[in-house]
Each structure stands twice: as C-alpha cells, then as structure tokens.
Amino acid sequence: MARLIAFLIDSTLLVFSFSFVLYGLSDSDLQLQSWETLFQNGDFLGQLLDTVKLVFINPYFLVMHWLYFTVLQSSQKQASVGKFSLGLRVTDLRGRRISFARANLRYFAKLLSVATVFLGFLLMLSTRRKQTLHDYLSCTVVVTD
C-alpha cells in the first residue's frame with residue numbers, strides 16, 4: 001500500500017510540475033482550455049483525450065518522468081520524493097545504493113510490469129521480499145527505513 005501511495009505522490013508532483021512547464025512555454029490555445037470550455041463544447045471526451053495525449057504522450061514529459069525516477073533512485077537518498085516521504089528506499093539485493101545503470105534497467109523493466117496488464121506489480125503479493133517483476137529483473141528491492 002505504501003508503494004501505491006508513493007506512486008500517487010510522485011505522479012502528482014510530475015504532472016503538476018510538467019503542467020507549469022507546458023503552460024508556461026506554450027503559445028498554443030489547446031493548452032489554455034479550461035474545464036468549463038471542455039464541458040460547453042459537446043465533444044468533452046474527444047477534447048479530454050486530446051489533453052491527455054498532450055500531457056502524457058509528450059516527449060518532454062517522458063524524458064522528465066525517466067530522469068525523475070532514475071536520478072532520484074540512484075541518488076544518495078535512494079528514493080523518489082514519494083518513496084522517501086514514506087520511508088522507502090530502492091536498494092540492490094545486499095542493501096546497497098543502486099547505480100544509474102541499474103536504475104535505468106529498473107525503470108525500463110517497469111514497461112514489462114505494465115505490459116502484462118499490471119500483473120508484474122501483483123507479483124509482490126506472493127514473494128518474500130515483496131519484489132515486483134521489474135525488481136526481479138533489475139535485482140533490486142524496495143525496503144523500509
């Protein structure tokens with residue numbers, strides 16, 4: 001449960017900070033639509049999907065997301081802001097700090113956890129160390145301080 005809450009904290013921080021960048025640097029009207037105009041036009045779902053694509057399928061957001069997790073998890077704190085605030089750390093199997101390369105492997109292995117219809121995350125329910133698929137593949141573990 002703590003890992004889910006950490007994920008929600010991290011996601012909120014990422015989307016919030018990216019929104020500042022997106023709205024601050026944009027000169028397009030698409031970013032400046034308000035929720036009120038989305039409800040007034042009849043095609044709410046279509047416009048909402050356009051907004052989601054604009055934020056989440058944006059190369060800048062993807063790079064920011066990748067750097068956020070890999071840099072923070074390989075740092076001295078060994079955790080993203082969400083994990084750190086809940087007293088969690090990402091370590092190797094011996095409890096040491098992971099390298100940037102291993103943090104990258106862990107990050108990209110998450111794609112497999114997601115691609116299996118999130119079954120890679122459910123793996124932690126049946127393992128002794130509470131490891132997910134991407135933890136197994138990158139030889140990492142999330143520990144509590």
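**Student:** Lay out the confidence of the model for the protein with the relevant residues and their values.
**Tutor:** The share of residues in the protein with pLDDT of 70 or more is 85%, and the mean pLDDT across the chain is 86. Looking across the protein, the model is least confident in helix H2 (residues 35-40), with a mean pLDDT of 61, and most confident in strand E1 (residues 88-92), with 97.

**Student:** An account of the environment of threonine 91 is needed here, citing residue identities and associated values.
**Tutor:** In this fold, threonine 91 is placed in strand E1. What makes threonine 91 buried here is its relative accessible area of 1%. In the structure, threonine 91 is positioned 13 residues away from glutamine 78 in sequence and 7.0 Å away in space, judged by C-alpha atoms. If we skip the residues at most four places from it in the chain, threonine 91 touches Gln78, Arg96, Ile98, Cys139, Thr140, Val141 and Val143.

**Student:** Which residues make up the pattern of salt bridges, and what values go with them?
**Tutor:** Counted under the stated rule, the structure contains four salt bridges. When the shortest N-O distance is used, the salt bridge between aspartate 145 and arginine 89 registers 2.5 Å. Residue aspartate 145 is located in the segment after strand E2 (140-144), and its partner arginine 89 is located in strand E1; the two are separated by 56 residues in the primary sequence. When its relative accessible area of 23% is taken as the criterion, arginine 89 is described as partly exposed. The residue arginine 96 makes a salt bridge to aspartate 92 at a minimum N-O spacing of 3.0 Å. Relative accessible area serves as the criterion here: at 46%, arginine 96 is assigned to the partly exposed category. Using a relative accessible area of 9% as the deciding quantity, one classes aspartate 92 as buried. Each member of the salt-bridge network shares a partner with another, and the members are Arg3, Arg106 and Asp135.

Basis of the calculations
Residues numbered from 1 in each chain as written. Predicted model: local features only at pLDDT ≥ 70, side-chain atom pairs only at ≥ 80, totals over all residues. Heavy atoms only, no water. pLDDT = per-residue confidence, 0-100. Helix = DSSP H or I, 4+ residues; strand = E, 2+ residues; numbered from the N terminus. Buried < 20%, exposed > 50% of the residue type's maximum accessible area, 1.4 Å probe, protein only. Contact = heavy atoms within 4.5 Å. Salt bridge = Lys/Arg side-chain N within 4 Å of Asp/Glu carboxyl O.

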